[in-house]
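Spelled out, the chains give:
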Protein chains: 2
Amino acid sequence: MPQHIVIIGAVALGPKAACRFKRLEPESSVTMIDQVKMISYGGCGIPYFLSGDVSDPAQLQATSFNMLRDEEFFEKAKYVRVLTGVKALSIDREKRSVLVRHLETREQETLPYDKLVIATGSIPNRLPVPGADLNGAFTVANMEDAIKIREQIAGGKVEKAVVVGAGAIGLEVAEALADLWGIETSVVEIRDQILPGIVSPIMAGMAQHHMEENGITFHLSEQVREITGRDRVSGVITDRRTIDADLVIMAAGVRPNAGLARAAGLEISPRGAIVINEKMQTSDPLIYAGGDCVEVTNLVTGRPAYYPLGSMANRQGRVIGTNLAGGEARFEGAVGSFIMKLFDISVASAGLCLASAEHEGFQAVSGFMAQLDHAHFYPEKDIMYLEMVVDKENGRVLGIQGLGNKGEGMMARISAVATTLKYRPTVADISNMEIPYSPPFSSAMDVLNALGNTMENILAKKNRVIDADQFADWWEKRDDGRTFFLDCRGWGNAETFVKKFPDHWKSIPQDELKDRIEEVPKDKRIVLICNTGVRSYEAQVFLDHVGIRDTYNLQGGMAAVKKWGLEL
Amino acid sequence: MPQHIVIIGAVALGPKAACRFKRLEPESSVTMIDQVKMISYGGCGIPYFLSGDVSDPAQLQATSFNMLRDEEFFEKAKYVRVLTGVKALSIDREKRSVLVRHLETREQETLPYDKLVIATGSIPNRLPVPGADLNGAFTVANMEDAIKIREQIAGGKVEKAVVVGAGAIGLEVAEALADLWGIETSVVEIRDQILPGIVSPIMAGMAQHHMEENGITFHLSEQVREITGRDRVSGVITDRRTIDADLVIMAAGVRPNAGLARAAGLEISPRGAIVINEKMQTSDPLIYAGGDCVEVTNLVTGRPAYYPLGSMANRQGRVIGTNLAGGEARFEGAVGSFIMKLFDISVASAGLCLASAEHEGFQAVSGFMAQLDHAHFYPEKDIMYLEMVVDKENGRVLGIQGLGNKGEGMMARISAVATTLKYRPTVADISNMEIPYSPPFSSAMDVLNALGNTMENILAKKNRVIDADQFADWWEKRDDGRTFFLDCRGWGNAETFVKKFPDHWKSIPQDELKDRIEEVPKDKRIVLICNTGVRSYEAQVFLDHVGIRDTYNLQGGMAAVKKWGLEL
C-alpha cells in the first residue's frame, strides 16, 4: 500500500533517504522540508568554498553532472516534494503529523505522515563568551555563514583572522584563510595539542609544525575569554594574550540538534543525541533518524559515539530509505574513519588514538613507524608515518593514525585497517595485511606491515621505544651526562652531528657495533638513533644480546624528529 | 639451545627469514646460500630498471638507507653467513644436511642443519618453440637477464620488440620499452584479453585501449609458433602473422622451482609447488618453505593457489623467521592483492574476477561502477572504474577490480576490500564501508560505497545492466531497428549524438522522462545511457514503474564506453 513519508531536514541524509525510498517505492510519496533555502549541499566542501577552490556555492549544491539539487530537481528528477523555508515546530506522534511553519508567510500547516525521518543535523557550538555575536564572528556550519565569511574576505575586510578550535574544521578553515587569501591566521585551542582525540601528541606536533611552516600561528592550552570589538570584531582575548583579528571563526565542535525529537518524547542519549537502533529507528518505530543528530555504535568500543560526518549521513540515509520501504538494511556502527589535507600533508585516522583508548579503559600501547611509502628504489617516494594503538592484554588493534604527503597513499593504509576494525584484528593481521604491491605504490614489506611487525616487537618488549618529545627532553638535558646518544647510521649521516656535538653525539654504524662494542658505556641510558628507527632497533637487539639493556630506540628516527620540528 | 639454520635461496624470503630469526635468537647461527652472485634484490623493480627509472642494478639491491645487501652486509649488519655462487644439489633429511657445490671451484660441501628453509623461488616459462634460446630472446626473471636486456637496448640494438604474454610483467616490460626507450613494441597474448584471470574483459579492454593510445600494439588470441633469426632474433611468427623484432621478451608466467624439494621426498602439489601448512612447514616439520616455490590457501576459495609475488615472500619470510625461533606465527593465506601502473593509469584487483569465480564453481555475477574519485566539486578529480564480483546465492563478495588514474586512490579502494575478504563480507558491507572522507580524497558517498549500492540493485534485479561490449554490438546493428538508444542526460551532453545520429539517438533527459513518456516505444529493447550509469538507472526504475521493462542500463555509461575505446 502506498505510504507517505515526511522528512525533516534536506541537507545530506534527508535527500539520500528520500531518493532511495522513491526508487524502491515509486507509488509512495515523500515530502521533505527544510528551514533554509539552500538544500542538499556538500557541507564538507565549505572550507574549499572559503578558500576559493570552489568558486560558487552552487557547485556544492550540484550533482556530479552539474544539475542544481534544488526543489525543482527533486520534484522532476526524483519525484520528491520539497518545501524550503519551512520549519518543523513539533511532532504529534499519536496523530502522526508534523506541525510546520512557512517562515515567509508565517503560516502554519500540519503534514501527516505514515513514517517520519528526522534529519535535523547538528548545531555548531558558539563560544560562551562576550562578543561571540559580533559581526565578523562566525561559526562555519552552513552555507549562509560561509557565504558571509567569503564576502567579508573577498571584500578586503580581513587581514588577520583567529580560528578558535584546532579540530579538523578549524584547521581546514585556517589553511583556507592563510593559503589562498594570505590572511595572517592564528589558531587558539584549549587543549594542549591540535586534533585532540584524533591523533597522538607526536603526530599532532608534526602536523602543527607543517602548518607553522606554512604561516599559521598556534596558541595551545589557551582559552578564549572574550571576542572584542564594537561594530565588528577587532580581536580575541585569551587567558594568556590579546590577538588582533578582523575575523573570528568559532570551530569549537557541534552538538546534535535533537530538540524536536526530545520534545516529541523520543529517547535521547546523555550526550543529547537521538537514540536509534541498527535499522536507524528511534524509540518510536515509525520515526527514523540519522546523520548529525544521532549517536551510533563505536565498533571498537561497542559503546555509543557521535560522528558528525557527511559520509556517515549519506550511508545512513540509504539505510533509512531501504527500511522505509520495508527493507532490512542495518547500520552497524562506525570506527570514525578520518582524513584531511593540510597544505602539503595528509593526516588520517580510524578507531581510537592512544589517549581515547586509555580514556575508554583499555590497557593500550602505541607503536610508531616511519618508512617510505613506495619501493625505496622507485624515483617518486616520501616518508609515511603511521601509528597504531593496541590492547596490551590481547594484541587487539584499537586504532591507527597516519601522516604523510597529500597523495592518497595515506588513505590506502587507513582504509585497509579501518574496514577491518569491526572484525577485531590483532597485530599479526596487520603484519600480514595484503596491501597490493607494486613499486610505484607500495613496498614489498609495506609501511603498514612494518608497523605491525614493530608493534609485535614492542609488545614482546624487544623494541623499547621513545618518541621525539622524550628524545627532545633528554637532548635538552644532555649536559647532565645521564644519556648516551648513539647514532647507528653510516658515517655519512652521522658526521654532521658528531662534528657539531662532539661531546654528546657518538657514531657507531650498526654494522660496526659488534666490533666496537667496548665503545658503548654500560653505566648510562643509551638512546639509539637512525633515520627511521629500523637500524637502531637492530642495534638494540644486539645490545640486549651482549647484556646492555638500558637502551631506548628513537621510533621514527631522525625523520620523525625533524618532521616534529626539532632541529639539532 | 643454539641451533643452526640453513637457507637455500637469498633473494626475498630467505634474507627476511634469516634476519628475523637472528634478531629473535642471536645465539643461533644461519647459513644462507644462493647460486647467483647478486642476492637480496627487489625483483619487482626489474621493469623499472629496464625502463631506466632505476639507473643502477645496485639500487635494487640496496636497503632504503643505501647499503648494498651483499654478503658482507649480511655478515656485519645481520650476523648471517651468506655463500653465493653455491648451488644446492640435494637434501639429506635423515642426516639433516644439504649437499652443495661451489660453482667456481666445483667443490662440494655438506652443510648440516637443525632446520632448513627452502626459498628456491620460481622458474620463468621459456616458450616451447624454435628460437626460444636465440640471442635477443629473454625471460625477465632475474637481474642477470635484466642487465643483458638493458645492455642490448642501451647499445642501440633494439628498434622493435615483441613481448609474449600480457600478464602484469609483460605489460610492465612493454611500457618500459615503449615509453622510455621509444621502441616499437608489440604484445602477443594467447588469450583473448590482456591481464586474463585478473580483470574482466571490459576492464582489460580499457587498459589495452590506454596502452594502444601510448603506442603499444596488441595481438590477442595469437600463439607464438617460432622465434626467427640466425645469430640473434629477427622476428616472431605467430599463428596469424610475422612480426619483426630485435628483442623478444618471454613473459609467459613462472612455475615453482621445487625440484630439490621433490627429490628430497617432500610433498608436492599437482601444480608442482611445495605443500606447506600455516606455519610454513613442509611435510617435514624441520623444513620450512615459502615464496614462489610454495602454494598457499586462497582465502576466498579455501583452495590452494599460487601467488608468485615479492610482497607475499617478504611477509612469509618473517613468519618463517619467527617459527624457526620457536614462535607460533601463521600465514593464513592470501587473496592476491594486485596493483600495477600502466602509463597514466592504474589497474588493481583482489580476490576473484568473474571468469575465475565461475571457473571455481561460484554462481557469480559482477557489477560495475564509474564515479569521480574525489568530491565532484573539488578541483582535482578523475573518474574511477570499479568492478565487483559477488556470489549470487548469498551476496558474498568474491573479488574487486579497478582502473583509474595512476594516483594511489585505486590502492585505497582495493586495499579496503582486499583486507576484509577473509572475513567474508557481503555486498552490504561494501555499501557501508568506511573509507575516510574528505573532498580532496573521496566522496561523501564514495565510489566504493556506490559500487556496493549498485550491486545490491543488480542482485535485486532493479538495475539490469549491459557492458560496453554489448552496447557496441547493438550499436553496430542499430539499423536492424530492434534497439532504442535513449540518452538520459541533459541536452548539452546529448546534442552531439542526436545531431550525428538523428535516426538512432534519442534524447530525453531523465528529469523530463515522466512528462515525455509517450515518446518511449513499448515494442523495442531500450538501452538507457548517461555519463556514468546513475541517471540511466533512475530512468530504468521509472520505466519499470510505468510498465516498460525491456530496458538495459549501460553500466559505467559513456565514460566507460569511451575509456574502452569506442568512439561514436
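Just above sits the structure.
Description of the structure in this document. Because the structure is a prediction, the values reported are computed rather than measured.

Moving on: the sheet that holds strand β2 (residues 29-34) of chain A. Backbone hydrogen bonds are what pair the strands of a sheet, in a parallel or an antiparallel way. Residues and elements named next belong to chain A. What the 5 strands build is an open sheet, ordered β3-β2-β1-β7-β18; its pairing is parallel. Two strands close off the open sheet at either side, each with one partner strand: β3 (81-84) and β18 (287-289). The sheet shows a mean angle of 15 degrees between the axes of neighbouring strands, taken without regard to direction. Sheet topology places strand β1 (residues 4-8) next to β2; 5 bridges connect them, and they run parallel. Among the inter-strand pairings, Ile7 is bridged to a residue of β2, identified as Met32. On the sheet, helix α9 (residues 310-324) packs against β1, β7 (115-118) and β18 and is oriented at approximately 165 degrees with respect to β18.

Right, let's get into the relation of the copies chain B and chain A. Overlay of chain B on chain A (RMSD 0.0 Å): rotation 180 degrees, translation along the axis 0.0 Å. Such a turn and shift between the copies fits a two-fold axis. Measuring from the rotation axis to each C-alpha of chain B, the shortest distance belongs to B:Ala412, at 1.7 Å. Comparing interface residues between copies, 100% of those in chain B also sit at the interface in chain A, which points to an isologous, same-surface contact.

All right, on to helix α11 (residues 409-418) of chain B then. The element α11(B) is extensively covered by neighbouring structure, given that 10 of its 10 residues are classed as buried. Taken together, the buried positions of α11(B) are B:Gly409, B:Met410, B:Met411, B:Ala412, B:Arg413, B:Ile414, B:Ser415, B:Ala416, B:Val417 and B:Ala418.

Mapped onto the fold, B:Arg241 is located in the loop between β14 (233-238) and β15 (242-244). Residues B:Arg241 and B:Val224, 17 residues apart in the sequence, show an inter-C-alpha distance of 9.3 Å.

All names here are of chain B. In terms of burial, strand β21 (residues 338-342) is largely enclosed, as 5 of its 5 residues are buried. Neither face of β21 is left uncovered, since the one carrying Phe338, Met340 and Leu342 and the one carrying Ile339 and Lys341 both have all their residues buried. Summarising the sheet, β21 and strand β22 (residues 345-351) pair through 5 bridges and their orientation is antiparallel. Opposite Met340, over in β22, you have Val347 as the bridge partner. Hairpin geometry of β21 and β22 is characterised by an intervening segment of 2 residues between the two adjacent antiparallel strands and by a positive phi of about 50 degrees at Phe343.

Residue and element names in this part refer to chain B. Strand order in the open sheet formed by 5 strands is β9-β16-β10-β11-β12, with parallel pairing between adjacent strands. In this open sheet, the two strands that pair with only one neighbour each are β9 (137-139) and β12 (217-219). Taking the axes of each pair of neighbouring strands and ignoring which way they run, one obtains an average angle of 20 degrees across the sheet. Sheet topology note: the β9/strand β16 (residues 247-250) ladder contains 3 bridges and is parallel. Bridging from a neighbouring strand, Thr139 pairs with Met250 of β16. The strands touched by helix α6 (residues 168-181) within the sheet are β10 (160-164), β11 (184-188) and β16, with β11 carrying the most contacts at an inclination of about 165 degrees.

What counts and what doesn't
- Residues numbered from 1 in each chain as written.
- Chains lettered and ligands numbered in written order.
- Predicted model: local features only at pLDDT ≥ 70, side-chain atom pairs only at ≥ 80, totals over all residues.
- Pairing = 2+ DSSP bridges.
- Helix = DSSP H or I, 4+ residues; strand = E, 2+ residues; numbered from the N terminus.
- Axes fitted to C-alpha atoms, helices over the stretch in contact; angles between N-to-C directions.
- Contact = placed C-beta atoms within 7 Å.
- Least-squares fit on C-alpha atoms with pLDDT ≥ 70 in both.
- Buried ≥ 20, exposed ≤ 12 C-beta atoms within 10 Å, placed from the backbone.

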